[in-house]
Structure formats: C-alpha cells, structure tokens
Amino acid sequence: MTAPLTPHEQPPHEQPGHNPWQYPPASGGGKGGRKSGADDDTDLAGELWQAFLLMVGVAALGLLLGFLWEQFAPRVPLVVRGGDAWLKESESEDAISIDGTFALLGLAFGVVTAAAVFLWRRRGGLPLVLGLALGSLIGAVVAWRFGIWLGPPGNVEQRAREMSDGSGFDAPLELKAKGALLAWPGAAMAVHLVLTGLFGPRDPEPQTLPPPTGGWGGWGSPTS
C-alpha cells in the first residue's frame, strides 16, 4: 500500500487550478476587521466635527459681510411732507443698487471662502462641502439681518411725524430681492467644485496583473 501523494507530487492534471486575477485575501478579518471599522467611524466623526466647525466659522463671517453691506450700500433719501415720508427722488434706482451691492459682496465672499476651504482640505469630502454650503447660507442671512440692524432706524412713520416738513432722512436698508441671499452659497459651491476638479487629488488608477505566461498555473501549455 502506497502513501497518498502530496500536492507537489500529484500529477499535473490533478493539481488545483490558479486564477491570476483573483483578489488578494482580505486583511481586515477577525480583530483586524473590527479595528478597521472603528477607524472608519473615528474618521467619519472627525470629518463631521470639522464640517460643523467650518459651518460655524463661515456663518460668523456673515457679520463682516453685513458690516460691509451697510458701509457700501447706497442710501435712499426720504423727505417729510405733511407728516409722511416720501421718496426724495421718485425715479431713483438706489433700492436696486442696495440689492446689487449685497449680491456682489456675497459673490466675493463665496469665492474667498471656497478658495480658503479648498486650501485647507484639498481632499474635500461630502461633510466638508455641506458645511461650506450651510455655513455660507446661514452667513448670508446673518449678514442681511446684521446690516439692517446697523443701518438707519426702521421706524419711518414715527420719524416722519416727529420731523418738520421739508426735513429729510435716510430710509432703512432693505433687501427686496431675497434671491441675493443665494449669491454667497452659490458662488462658494461653484468655485469649490471648479478648484476640486482642476487641482484636487486624483484617485490612483487600478493596477492590472500581467497575463499568464504558461505553465500549469496559467492557460498555456506546460513548460518543460
């Protein structure tokens, strides 16, 4: 009675086949797999925390935007006649210019914040982009309300009753075109997308294994 042959002593036609394109064995099994999952959870939590800090920081810049809007926006002059406030120039386009000033400042803030965020984290990521979008939108709303608060008082009727005819004062700031609030987040998203597409990190190209060269392990004829 003969002993069983080992795999190396078995005839070629009985040796197990080999697939050269098979995936390598996973290295994250057992304890290693649990550790990898914990690392992924830690990374996600870190990204969410950074996105939250980014949202708060960008939203705080709305105070600066509101201050600049109040400083550079044109004033709408009013005149008192019969105890009521009237536009001093009925065909004035200052009200439109106020909206335009806010929109232009919002576009500038969008470009600057998007460039700063890209330089801070070139690899991007969905949490980071959401933090930038929400922060810029909240910042635009903060700028709108803060600029109105800094500007002329809003009690126009009361001020007109307290002043004599012919007296004049400035109307309060007012953002008639609420779409200007989207200038900042819109510009931020567009600029960040362009910067990421042009200068962001590239994914490594997949590596392919060379075709089998022969032998019983490949598809060719056995080598001598």
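Residues numbered from 1 in each chain as written. Predicted model: local features only at pLDDT ≥ 70, side-chain atom pairs only at ≥ 80, totals over all residues. Heavy atoms only, no water.

Pairing in this open sheet of 3 strands is antiparallel, and the strands run β2-β1-β3 from one edge to the other. Two strands close off the open sheet at either side, each with one partner strand: β2 (84–87) and β3 (168–170). Each strand axis lies, on average, 40 degrees off the axis of its neighbour in the sheet, ignoring direction. The pairing of strand β1 (residues 77–81) with β2 spans 4 bridges and is classified as antiparallel. Considered in β2, the bridge of V80 is made with A85. (Pairing = 2+ DSSP bridges. Helix = DSSP H or I, 4+ residues; strand = E, 2+ residues; numbered from the N terminus. Axes fitted to C-alpha atoms, helices over the stretch in contact; angles between N-to-C directions.)

What follows concerns helix α3 (residues 126–150). The end-to-end C-alpha separation of α3 is 35 Å, in line with the 36 Å expected for 25 residues at 1.5 Å each. Looking at α3, one finds that the buried residues are P127, L128, G131, L132, G135, S136, G139, A140, A143, W144 and G147. (Expected span 1.5 Å × (residues − 1). Buried < 20%, exposed > 50% of the residue type's maximum accessible area, 1.4 Å probe, protein only.)

A few words now on the side chain of T101. Tracing the sequence through the fold places T101 in helix α2 (residues 94–120). Residue class for T101 comes out buried when judged on its relative accessible area of 17%. In this structure, T101 is in contact with W69, F72, A73 and P74, ignoring residues within four places of it in sequence. (Contact = heavy atoms within 4.5 Å.)

Quick look at the layout of surface pockets now. Within this model, the largest pocket holds a volume of roughly 180 Å³. If you go around the largest pocket, you meet 10 residues; those closest to its centre are V76, L87, A95, A171 and K176. Broken down by element, the residue count for the lining of the largest pocket peaks at 3 residues, all from α2. Grouping the amino acids of the lining of the largest pocket by side-chain chemistry returns 6 nonpolar, 1 polar and 3 charged. (1 Å grid on protein atoms, 1.4 Å probe; cavity = no way out; pocket = protein on both sides within 12 Å on 5 of 7 lines; lining within 4 Å. Points joined across faces, edges and corners; volume = space filled by probe spheres on them. Nonpolar A, V, L, I, M, F, W, Y, C, P; charged D, E, K, R; others polar.)

Further remarks concern the confidence of the model for the protein chain. Atomic detail in the predicted coordinates should be set aside for any region of low pLDDT. Mean pLDDT over the protein chain stands at 79; residues scoring 70 or higher make up 69%. Low pLDDT (under 50) marks residues 18–24, which in the prediction has 7 contacts with non-local residues, meaning those over four places away or in another chain. Note on residues 26–34: pLDDT under 50 across the span, and 2 contacts to partners over four residues away in sequence or across chains. (pLDDT = per-residue confidence, 0-100.)

Take empty space enclosed by the protein next. In the structure shown here, the tally under the stated rule is 1 cavity of 30 Å³ or more. Estimates place the volume of the largest cavity at around 60 Å³. Along its surface, the largest cavity is lined by E47, Q50, A51, R121, R123, G124, G125, P127 and L128. Listed by contribution, the elements that provide at least two residues to the lining of the largest cavity are α1 (30–72) and α3. In terms of residues, the lining of the largest cavity owes the most to one element, α1, which gives 3 residues.

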